[in-house]
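Read off the chains here:
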Amino acid sequence: MTTTIAVPARIEPVDRPEGDPEGAESLATSLLNGAVRLTDFSDEAEMLARSKWYWEGKAADAYGSHALRFARTHRPMGDTLKRVARGVDVFADRLRTLQSEHTDITGDITVYSRDRADLIADVDAARDVTEAEIAALQERASALSTRRAAITDDVADLVARAAENEEFLVQLFTGADTASEAESPTGGVSALALGAMAGRPTASAGPEAMNAWWNSLSEGERNAVIAAYPEKIGSADGLPASARDDANRLLLDADLADLEAKERDGTLTPEEKQRLTNARATRKALTYADGYTMPGTGDQPGGQLWLYDPDAFGGEGRVAVAIGDLDTADDVSIQIPGIRTDMTSVGDYTTEASHLYESARYNGDGSSVATMFWLGYDTPAGDLLEWGQVPSEARAADGGERLAAAVDGLRASRADDPAHMTAIGHSYGSTATSYAATNHDLAVDDVALIGSPGTGPADHASDFSVGADHVYDGRNSRDLVAALGEQGWLRKGQIFGLGLGVDPSSEDFGAHRFEAESVDRHSILRNFGDHVRYYDRDSESLYNLGLIVDGHGDDVIAADRSYDPWWDAPIDPEASREPTTGVPGRSLTGMEEG
């Protein structure tokens, strides 16, 4: 009996995508510096054109008119050059990815070729083989055929995307290679980007429509849109976090190049100085997030810049930085800060996000995690009790609406692969989170409030969109801010009249209270120092927050709720309990600084 073993054909080597990513990035930097110089020169020309204090008359008017015309001609050229620089940066990033994929595919081809040669040798050597041996050879051949089909698909995809990336670069330069094009409002915008943006829905259409539009684009169109319109992509709810991250990094790099050049020239305005401060704080936080290594594992989940708006709220800014991949993580958390938080605080809060990431991973079920610090609303500027003032709930109400919209955007971007999501509101941020969960149907699975001065419009945990069983509260008994909330039959706070709603740690509210005492807490007095210990490593609070983020809120270490005996001030049973540390199952142990 003659049996034929159909050995699949060999796979020809695939050419490596041509180009030097580092060289392209260097070119992008040079172009960006040139754009900055053109813009600065244009600004100076306009300033001279409008200056009348040193020269008047017909000659001055003629000179001013010429200088103004010069400025208005060269400013668009600077903008065009900036768009081209961003496009080259995108090209470089995609080229680096393509070359990395080429390395992987080449390895797959090498292994395939080796296994194919082994099969051919075994077939040639086969003599008087049994049916079982023939079946085994046929099975190996079939498996090789499946692998060959997958590899050839990868090769075809790589070749197509490499060609698309090169075509994007060609369009980028040919769209700005004449004076008229360089002076055009769309100079440096590729035809791919213009065509793609024509179908972009308005923000009012909702994040689902934005996501559907993005999914309809080719990779080349997406790259072109990010390069040409990063300010529109970086803050668009409904788009993947990876796209927002790419766009926001472009904006950050452009800001740093522009503003640091002006700083060297001594021409920064006060507003630009604040923008540069915000940009530098963001760069530092993002560098930390990108390089963060989880202690004990060596894992580097990477960082994402989900929001970057340094001019928002009069220069206080909006920013969101994540540890981990918001597009793919099984468990996603959003940390909402409180009073006196602005963009310059992003570094400290990103560090806290990394601590939360560790907690969710160390004590979790093995699921992937992403933790994001989100400053997307205008926080009050003063301290609670500072000069006897207490922030109103107006900014919390606005913050709640913005938070709910941000979460809706995250949900829309993960419509085909929904994550378990947790919102963690700290301090005044807990009040903002309460507004989101009460008035705006906050689309998370669990809510945790820590150091809360009150729950705003919510009288009971059941008022929250997640339901009472998914509302958690952590309160350090020495936390002065957390003692402001109202409770008891007269709804009296421990510091009467200074709260922002019901105390979520109380029996009145009905949330699941978890242990959140610090071993470093003050021995007796309530204070502000204990208000900022909830993300400390090796702490009860961090341990329990990690369980909630991981989707195991039922496993938190429960704490007795505070209560009002009506004849005296409200009582916190946790005040007399000795805090724990270094106890497996009650706190995190073995952590070292990453």
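Further up the page is the structure itself.
Residues numbered from 1 in each chain as written. Predicted model: local features only at pLDDT ≥ 70, side-chain atom pairs only at ≥ 80, totals over all residues. Heavy atoms only, no water.

Notes on the nonpolar core
Okay, so step 1: Formed by 44 residues in total, the largest nonpolar core has its most connected members in Val 319, Ile 424, Phe 514 and Leu 545.
Okay, so step 2: Among the secondary structure elements, those contributing two or more residues to this core are α9 (241–265), α10 (270–291), β1 (303–309), β2 (318–323), α12 (346–362), β4 (369–375), β6 (446–450) and α15 (540–549).
Okay, so step 3: In terms of nonpolar packing, the next biggest core, distinct from the first, is built from 42 residues, Tyr 377, Ala 423, Tyr 428 and Leu 442 among them. (Core = buried A, V, L, I, M, F, W, Y, C linked by side-chain atoms within 4.5 Å. Buried < 20%, exposed > 50% of the residue type's maximum accessible area, 1.4 Å probe, protein only. Helix = DSSP H or I, 4+ residues; strand = E, 2+ residues; numbered from the N terminus.)

Overview of the packing of aromatic side chains
Okay, so step 1: Summed over all chains, the structure comprises six aromatic pairs.
Okay, so step 2: On the basis of an interplanar angle of 65 degrees and a centroid distance of 5.8 Å, the ring pair of Trp 213 and Trp 214 is categorised as edge-to-face.
Okay, so step 3: Relative to Tyr 357, the ring of Tyr 292 has its centre 6.1 Å away and its plane inclined at 85 degrees; by these criteria the two rings are edge-to-face. Of this pair, Tyr 292 sits in the loop between α10 and β1 while Tyr 357 sits in helix α12, and the two are 65 residues apart along the sequence. Each member of the pair, Tyr 292 together with Tyr 357, is buried.
Okay, so step 4: Three or more aromatic residues joined by ring pairs make a cluster, and in this case those are Tyr 288, Tyr 292 and Tyr 357.
Okay, so step 5: Geometry around Trp 306 places Arg 244 over its ring, the cationic atom sitting 3.5 Å from the centre. (Phe/Tyr/Trp six-rings, centres within 6.5 Å; stacked < 30°, edge-to-face > 60°. Lys NZ or Arg CZ within 6 Å of the ring centre and 35° of its normal.)

A look at the pairing of strand β7 (residues 471–474)
Residues in a regular strand project their side chains so that they alternate between the two faces of the sheet.
Okay, so step 1: Along β7, one buried face is formed by Val 471 and Asp 473 and the opposite face, lined by Tyr 472 and Gly 474, is buried too.
Okay, so step 2: With three bridges connecting them, β7 and strand β10 (residues 512–514) associate as parallel partners. Counted as the bridge partner of Tyr 472 is His 512 from β10. (Pairing = 2+ DSSP bridges.)

Quick look at the side chain of Asp 572
Okay, so step 1: Secondary-structure assignment places Asp 572 in the segment after α15.
Okay, so step 2: According to the relative accessible area criterion, Asp 572 is buried, its value standing at 8%.
Okay, so step 3: At 2.8 Å, the side chain of Asp 572 forms a polar contact with the side chain of Arg 513.
Okay, so step 4: At 3.0 Å, the side chain of Asp 572 and the backbone nitrogen of Glu 574 are in polar contact.
Okay, so step 5: If we skip the residues at most four places from it in the chain, Asp 572 touches Arg 475, Ser 477, Arg 513 and Ser 562. (Polar contact = N/O pair within 3.5 Å; in protein donor to acceptor, adjacent residues only side chain to side chain. Contact = heavy atoms within 4.5 Å.)

Re the environment of Asp 79
Okay, so step 1: Mapped onto the elements of the fold, Asp 79 is located in helix α2 (residues 58–125).
Okay, so step 2: In this structure the C-alpha to C-alpha distance between Asp 79 and Thr 186, which are 107 residues apart in sequence, comes to 9.2 Å.

Concerning the sheet that holds β7
Okay, so step 1: Strand order in the open sheet formed by eight strands is β1-β2-β4-β3-β5-β6-β7-β10, and the pairing between neighbours is mixed. This sheet does not close on itself; its edge strands, each paired only once, are β1 and β10. Across the sheet, the mean angle separating the axes of adjacent strands is 20 degrees when strand polarity is ignored.
Okay, so step 2: In this structure, β1 lies alongside β2, joined through six bridges in antiparallel fashion. Bridging across to β2, Leu 307 finds its partner in Ala 320.
Okay, so step 3: Contacting β1, β2, β3 (331–336), β4 and β5 (420–426), helix α13 (residues 394–413) runs over the sheet at an angle of about 145 degrees to β4.
Okay, so step 4: Along the sheet face, α15 touches β3, β4, β5, β6, β7 and β10 and points at about 145 degrees away from the line of β5. (Axes fitted to C-alpha atoms, helices over the stretch in contact; angles between N-to-C directions.)

Regarding the pattern of salt bridges
Okay, so step 1: In the structure shown here, the tally under the stated rule is 35 salt bridges.
Okay, so step 2: For Arg 395, the salt bridge is made with Asp 378, and the minimal N-O distance between the two is 3.5 Å. Of this pair, Arg 395 sits in helix α13 while Asp 378 sits in the loop between β4 and α13; the two residues are 17 residues apart in sequence, bridging distant segments of the chain.
Okay, so step 3: Assessed through its relative accessible area of 34%, Arg 395 is described here as partly exposed.
Okay, so step 4: For the salt bridge of Arg 577 with Glu 515, the shortest nitrogen-to-oxygen distance reads 3.6 Å. On the criterion of sequence distance, the pair formed by Arg 577 in the segment after α15 and Glu 515 in the loop between β10 and α15 is long-range, its members being 62 residues apart. This pair shows no difference in class: Arg 577 is buried, exactly as Glu 515 is. (Salt bridge = Lys/Arg side-chain N within 4 Å of Asp/Glu carboxyl O.)

Concerning the packing of helix α5 (residues 191–198) against helix α7 (residues 219–228)
Okay, so step 1: At a minimum axis separation of 8 Å, α5 and α7 run at an interaxial angle of 95 degrees. Taken together, the axes of α5 and α7 are roughly perpendicular relative to one another. Contacts between α5 and α7 involve Leu 192, Ala 193, Ala 196 and Met 197 on the former and, on the latter, Gly 220, Glu 221, Ala 224, Val 225 and Ala 228.
Okay, so step 2: Along the lines of polarity and charge, the residues of the contact of α5 with α7 split into seven nonpolar, one polar and one charged. (Parallel < 35°, antiparallel > 145°, perpendicular 65-115°, else oblique. Nonpolar A, V, L, I, M, F, W, Y, C, P; charged D, E, K, R; others polar.)

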